[in-house]
Amino acid sequence: GDSVTQMEGPVTLSEEAFLTINCTYTATGYPSLFWYVQYPGEGLQLLLKATKADDKGSNKGFEATYRKETTSFHLEKGSVQVSDSAVYFCALKVYSGGGADGLTFGKGTHLIIQP
Amino acid sequence: GAVVSQHPSRVICKSGTSVKIECRSLDFQATTMFWYRQFPKQSLMLMATSNEGSKATYEQGVEKDKFLINHASLTLSTLTVTSAHPEDSSFYICSAGGTRYGYTFGSGTRLTVV
């Protein structure tokens, strides 16, 4: 079946540090890939996505590139801020052709940014 | 943008009682809603897909008689955990999908069964 593996947290960094959160996947078809972010007390919000190989998703300074050869979608940011502290989820969706489909999620990575 | 409201955010119930969790799409119609569950240090796992006006589709291993899903209108889906037990304690989160906004998630419900 489909699965997503992402690095365990918590990840603690200082402000302005470089961030990488690793995400790899296995899928039976050609998935779309997503990163979601959950701030304390809020629902999951879509951070960025990529729908085909070599696509790069970007938003709010975060980037991730769909690497089919390594089945990866690592999240990066050049300079993190305290406000980036949240839980980050990597997810995938493989269209079945039968209508709306649910997402397959990783376990989430808790990111803590210290001033 | 699309907003999904989920209530309650936290609930504590006694073993053997039932708990209802509501998920509402506030400014759009959601023909399809998804219910996920997350155990500590585990992934969000899809439990079921509910479609307005029809029976929910449950993922393998999810007891449909225990987790009752009702999607009677285009803006409301409910998940009822019947005869709850401590092992049902978890984080439950709903999502509305298939809109032009993609997937919109509720803020989740932390259920604790004592």
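Look a little higher up for the structure.
Residues numbered from 1 in each chain as written. Chains lettered and ligands numbered in written order. Predicted model: local features only at pLDDT ≥ 70, side-chain atom pairs only at ≥ 80, totals over all residues. Heavy atoms only, no water.

1. Overview of the overall build of chain A
Phase 1: Each helix and strand counted, chain A has zero helices and twelve strands in total.
Phase 2: Seen in sequence order, chain A has helices and strands lined up from the N terminus as β-β-β-β-β-β-β-β-β-β-β-β.
Phase 3: Its C-alpha atoms give chain A a radius of gyration of 14 Å, within 12% of the compact-globule value 13 Å for 115 residues.
Phase 4: For chain A, the spread of C-alpha atoms along the three principal axes comes to 45 × 30 × 20 Å.
Phase 5: Within the span of chain A, comprising 115 residues, buried residues form 43% of the whole.
Phase 6: Pairs at least 24 residues apart make up 57% of the contacts formed inside chain A by residues separated by at least 6 positions.
Phase 7: As displayed, chain A has an accessible area near 5,500 Å², and 48% of this comes from carbon and sulfur atoms.
Phase 8: Within chain A, one finds 9 positive and 12 negative side-chain charges whose respective centroids are separated by 6 Å. (Helix = DSSP H or I, 4+ residues; strand = E, 2+ residues; numbered from the N terminus. Rg over C-alpha atoms; globule rule 2.2 N^0.38 Å. Buried < 20%, exposed > 50% of the residue type's maximum accessible area, 1.4 Å probe, protein only. Contact = heavy atoms within 4.5 Å. Areas by Shrake-Rupley, 256 points an atom, 1.4 Å probe, with all protein chains shown as cover. Lys, Arg positive; Asp, Glu negative; His and termini not counted. Charge placed at Lys NZ, Arg CZ, Asp CG, Glu CD.)

2. Notes on the nonpolar core
Phase 1: Judged by nonpolar contacts, the single largest core of 27 residues is most densely connected at A:Trp35, A:Leu47, A:Leu48, A:Phe73, A:Leu75 and A:Tyr88.
Phase 2: Contributions of two or more residues to this core are made by strand S2 (11-14), strand S3 (19-21), strand S4 (23-26), strand S5 (32-38), strand S6 (45-50), strand S8 (62-65), strand S10 (86-93) and strand S12 (109-114) of chain A.
Phase 3: Per-element accounting of this core gives the leading share, four residues, to S10(A).
Phase 4: Those residues in contact with A:Tyr88, other than ones at most four positions away along the chain, are A:Gln6, A:Ile21, A:Trp35, A:Tyr36, A:Val37, A:Leu47, A:Phe62, A:Leu75, A:Gly108, A:Thr109 and A:Leu111.
Phase 5: Counting 25 residues, the second largest nonpolar core, distinct from the first, contains B:Val11, B:Met47, B:Val62 and B:Ala96. (Core = buried A, V, L, I, M, F, W, Y, C linked by side-chain atoms within 4.5 Å.)

3. Quick word on the pairing of S8(A)
Working note: regular strand, side chains alternate between the two faces of the sheet.
Residue and element names in this part refer to chain A.
Phase 1: Strand direction decides the pairing type here: strand S7 (residues 56-59) and S8, joined by four bridges, are antiparallel. When the sheet's bridge partners are listed, Lys56 is paired in S8 with Thr65.
Phase 2: Here S7 hands over to S8 after two residues, with Lys60 in that stretch at a positive phi of 55°.
Phase 3: Of the pairings in the sheet, the one linking S8 to strand S9 (residues 75-77) comprises three bridges and is antiparallel in character. If you follow Glu63 over to S9, its bridge partner there is Glu76. (Pairing = 2+ DSSP bridges.)

4. Observations regarding the state of the cysteines
Phase 1: Enumeration according to the criterion identifies two disulfides over all chains in this entry.
Phase 2: Disulfide pairing is shown between A:Cys23 and A:Cys90; the S-S distance is 1.9 Å. Taking the sign of the S-S torsion, -70° for the link of A:Cys23 and A:Cys90, the bridge is left-handed. Of this pair, A:Cys23 sits in strand S4 while A:Cys90 sits in strand S10; the two residues are 67 residues apart in sequence, bridging distant segments of the chain. By the burial criterion, A:Cys23 is buried, and A:Cys90 matches it.
Phase 3: Cysteine B:Cys13 remains unbridged, with the sulfur of B:Cys94 as its closest cysteine sulfur at 18 Å.
Phase 4: Its relative accessible area of 8% is what places B:Cys13 among the buried residues. (Disulfide = S-S within 2.5 Å.)

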